[in-house]
Amino acid sequence: MKIIGRNDEQNELKSCLKSFKPEFVVIYGRRRIGKTFLIRNFFDQRFSFYTSGVNNKSNSVQLKNFNNALNEYGFENKEPIKDWFEAFSLLKELLEKKDVYREPLYNKRIVFLDELPWMDAKRSDFKSALDLFWNTYASTKEDLILIVCGSATSWIMKNMVKDEGGFYNRITRKIHLLPFSLNECLLYSKYLNLNYNEKQVIDCYMVFGGVPYYWELINNELSLAQNIDNLCFKENGQLHEEYQALFKSLFSAKGKHKDIIEALMKKNAGMQRKELAGIPSIGDGKSLTEALEELLECGFIRAYDNYRSSKNGKFYQVIDHFVLFAKTFLLNPSFNTWLSFINTPKFYSWSGHAFEIVCLNNIEAIKKSLGISGVMTKEYSWRSKESTPAAQIDLLIHRKDMVINLCEIKYSSGQYVITKEYEENLRNKIEAFVNEMKPKEQLVLTFISFNGLKKNSYSNIVLKEIEGEQLFE
């Protein structure tokens, strides 16, 4: 199958093939993001050895599965494997066979161990054996590429990415697979024959985010609303239980990830660590630190500074679209169908926040539209501490060229109309920002909406405008 997007990741894998040293590659990311798909299809499903862990099975089952894979790749072993040290010893023998498969262009032997965390069953010597396999054998072979992958982010982060033990400084490349951008979703929708225009892609993105698997489930004979009902709201829908499955598959059962997400969902703008630590079910300490890091790595949340107030601690905000959608609607017993909800006041309230998150998740496209792709920037939010009524700016792009884009983000079905009252609100925001922050930079009020602004006597306050199609840059 064709790989859509993933250009940086494909270039990284190409570099592995061209490398003159052994490569140990860890690829990680949230559930359903396409990690296995990328590796299988980049290498055309042709490996020197490939196997996958088996979910929630014993160590003996994992070893039996590994042995079956050895047999499939031409190494006949009829005796049960007693432990992982023996398993990797047999793998070495397979890789040393003269007829072992090699990638034809660069003559590489490629080993792919998928769903690695599942192999590390209870009372297993898996990690020690893998460590020994790499340190005493694989790391000495210039023509060997070892690729490991897994959705259980807690395990991957602790034992691979941030390991300070046996795998410390052993990993040669880390590929963090993120959700598709809007433009990648547009390309993917065309590949799936969905016939969506840019507006429909954004509406779909606000529910499913850039998770390829969710988009694969969409039936192109139904409307988006019908698909949402069928996939999410029906009890047998393929995504009806997805919210619960996400946390079970990615994180340790002892983690506080779900409690953190549900706490952050109560405030659209997010919360600071000290606020989270004060919640009894969450608490402070190492467990909170690890959970926040893992949620960040999976792309469920973002961490951002309030402009010039970083000393007070970062804010954490939920930015995963499906998590936002599921927690708002699927877990709310008052909603049992999407079709009856769309185009209601509550729908537009949710849409406004969801569209803001779309923009935050596609900040590079916004920068390109502003013509500042090559300019160093930092992105912030800002909350006034003094103004009455309260003033806030959800996206502030602080540029190295001494300009600050104050971004106002609005979702509407048609052109957005700036009224006299709204213009006064915008002027009050800018005035409050100037009075409190006393910026030396040029301020540019930037308006982001899908259908653009309707020109009138009040719209001149906007100096730069970005419309929906430009988010696909």
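Look up a bit, the structure's there.
Just so you know, these numbers come straight off a predicted model, no measurement behind them. Every chain is numbered independently, its residues counted from 1 as its sequence is written. In view of the model being predicted, local features appear only for residues whose pLDDT reaches at least 70, and side-chain atom pairs are presented and counted only at 80 or more, with totals across whole chains, interfaces and linings using the full set of residues. Heavy atoms throughout the structure, all of them, feed into the side-chain values; hydrogens and water do not.

Caption draft 1: Quick look at the side chain of K35. Helix and strand definitions here come from DSSP, where helices need a minimum of 4 consecutive H or I residues and strands a minimum of 2 consecutive E residues; each element is numbered from the N-terminal end. Positionally, K35 belongs in helix α2 (residues 35-42). Any N or O atom pair separated by 3.5 Å or less is treated as a polar contact, with the protein-specific requirement of one donor-capable and one acceptor-capable atom, and with residues adjacent in sequence counted only for side-chain atom pairs. One polar contact links K35 to S151, side chain to side chain, over a distance of 3.0 Å. In contact with K35, not counting residues within four places along its chain, are I27, Y28, G29, R30, C149, G150, S151 and L177. The criterion used for residue contact is that any of the two residues' heavy atoms lie within 4.5 Å.

Caption draft 2: Molecular detail of the nonpolar core. Here, nonpolar core means buried Ala, Val, Leu, Ile, Met, Phe, Trp, Tyr and Cys residues that are tied together by side-chain atoms lying within 4.5 Å of each other. Relative accessible area decides the class of each residue, using a 1.4 Å probe on protein chains only: under 20% of the type maximum gives buried, over 50% gives exposed, and in between gives partly exposed. Counting 104 residues, the largest nonpolar core has F208, W215 and F325 as the members making the most contacts within it. Counting residues per element, this core draws most heavily on helix α17 (residues 345-361), at 8 residues. When neighbours within four sequence positions are excluded, W215 is seen to be in contact with C185, Y188, S189, L192, L194, Y196, V201, C204, Y205, F208, G209 and G210. Core analysis: the next-biggest nonpolar cluster, separate from the first, contains 40 residues, F24, F66, A69 and L91 among them.

Caption draft 3: Representation of the packing of helix α1 (residues 7-18) against α2. The N-to-C vectors of α1 and α2 enclose an angle of 45 degrees; their axes lie 11 Å apart at closest approach. Comparing their axes, α2 and α1 come out oblique. Between α1 and α2 lies a crossing whose hand is right-handed. For the pair α1 and α2, the contacting residues are E9, Q10, L13, K14 and L17 in the first and L38, I39 and F42 in the second. The residue makeup of the contact of α1 with α2, split by class, is 5 nonpolar, 1 polar and 2 charged. Comment: axis = line fitted to C-alpha atoms, over the contacting stretch for helices; angle = value between 0 and 180 degrees taken between N-to-C directions. By the definition adopted for this analysis, an angle is roughly parallel if under 35 degrees, roughly antiparallel if over 145, roughly perpendicular if from 65 to 115, and oblique otherwise. Crossing handedness: left-handed means the near helix sits turned counterclockwise from the far one by under a right angle, and right-handed means the same turn made clockwise. Only Asp, Glu, Lys and Arg are considered charged in this grouping, and only Ala, Val, Leu, Ile, Met, Phe, Trp, Tyr, Cys and Pro are considered nonpolar; every other residue, Gly among them, is considered polar.

Caption draft 4: Geometry of the environment of D305. For D305, the position within the fold is in the loop between β7 (301-304) and β8 (315-318). In the structure, D305 is positioned 79 residues away from Q226 in sequence and 39 Å away in space, judged by C-alpha atoms. A distance of 3.3 Å separates polar atoms of two side chains, one belonging to D305 and the other to K314.

Caption draft 5: Looking closely at helix α9 (residues 198-208). Burial runs high along α9: 9 of the 11 residues are buried. Contacts from the buried residues of α9 go to α8 (182-191), α10 (212-216), α11 (224-233), α16 (321-330) and α17. The opening residue of α9 is N197, an N-cap whose side-chain oxygen sits 3.1 Å from the backbone nitrogen of K199. A positive phi of about 60 degrees marks G209, the residue just after α9.

Caption draft 6: Representation of the pairing of strand β4 (residues 144-150). Along β4, 7 of the 7 residues are buried, which leaves the element largely enclosed by surrounding structure. Across the two faces of β4 the burial is the same, with L144, L146, V148 and G150 and I145, I147 and C149 all buried. Where strand β1 (residues 23-28) and β4 come together, 6 bridges link them in parallel fashion. For I27, the partnering residue across the bridge sits in β4 and is C149. Paired strands are those between which DSSP finds at least two bridges. In the sheet, strand β3 (residues 109-114) pairs with β4 via 5 bridges, with the strands oriented parallel. Along β4, the bridge assignment pairs L113 with V148.

Caption draft 7: Region of the structure containing helix α6 (residues 126-136). Within α6, burial applies to F126, A129, L130, D131, F133 and W134. Lining the buried residues of α6 we find β1, α4 (84-95), β3, α5 (116-119), β4 and α7 (153-161).

Caption draft 8: Summary view of the pairing of β1. For β1, the tally of buried residues reaches 6 of 6 residues, placing the bulk of the element in the interior. Burial of the side chains of β1 extends over both faces: E23, V25 and I27 are buried on one face and F24, V26 and Y28 on the other. Taken together, the 4 bridges between β1 and strand β5 (residues 173-176) define a ladder with parallel strand orientation. Across the sheet, Y28 pairs through a bridge with H176, a residue of β5.

Caption draft 9: Structural detail: the sheet that holds strand β6 (residues 271-272). Here we have 3 strands laid out as an open sheet, ordered β6-β8-β7, and antiparallel in their pairing. The sheet is open, and its two edges are formed by β6 and β7, each paired on a single side. Two elements, β6 and β8, share 2 bridges in a ladder whose sense is antiparallel. Within the sheet, the bridge partner assigned to M271 lies in β8 and is Y316. Taken strand by strand, helix α15 (residues 286-298) contacts β7 and β8, and its axis lies near 110 degrees from that of β7.

Caption draft 10: Here's a closer look at the sheet that holds strand β2 (residues 49-52). The strand order β2-β3-β4-β1-β5 describes an open sheet built from 5 strands, whose pairing is parallel. Two strands in the sheet have a free side with no partner beyond their single neighbour: β2 and β5. Shown here is a sheet whose adjacent strand axes are inclined to one another by a mean of 15 degrees, direction ignored. By the bridge criterion, 4 bridges tie β2 to β3 in an arrangement that is parallel. Opposite S52, over in β3, you have D114 as the bridge partner. Along the sheet face, α1 touches β1, β3, β4 and β5 and points at about 160 degrees away from the line of β5.

Caption draft 11: Fine view of the environment of F450. Along the polypeptide, F450 turns up in the loop between β12 (442-448) and β13 (464-466). Sequence separation of F450 and E469 is 19 residues, and the distance between their C-alpha atoms is 7.1 Å.

Caption draft 12: Molecular detail of the packing of helix α12 (residues 242-250) against α16. Running from N to C, α12 and α16 point in directions that differ by 125 degrees, and their axes come no closer than 9 Å. Relative to α16, α12 is oriented oblique. The residues of α16 that touch α12, namely those facing E242, Y243 and L246, are F322, V323, A326 and K327. Tallied by class, the residues present in the contact of α12 with α16 amount to 5 nonpolar, no polar and 2 charged.

Caption draft 13: Representation of unusual backbone geometry in the model. Residues other than glycine seldom take positive phi values, yet D44 does so here, at roughly 55 degrees. Along the chain, the position of D44 falls in the loop between α2 and β2. By relative accessible area, which is 54% here, D44 ends up exposed. Phi is positive for R123, which is not a glycine, with a value near 55 degrees. Within the secondary structure, R123 sits in the loop between α5 and α6.

Remember, this is a structural readout, not a statement about activity or role.
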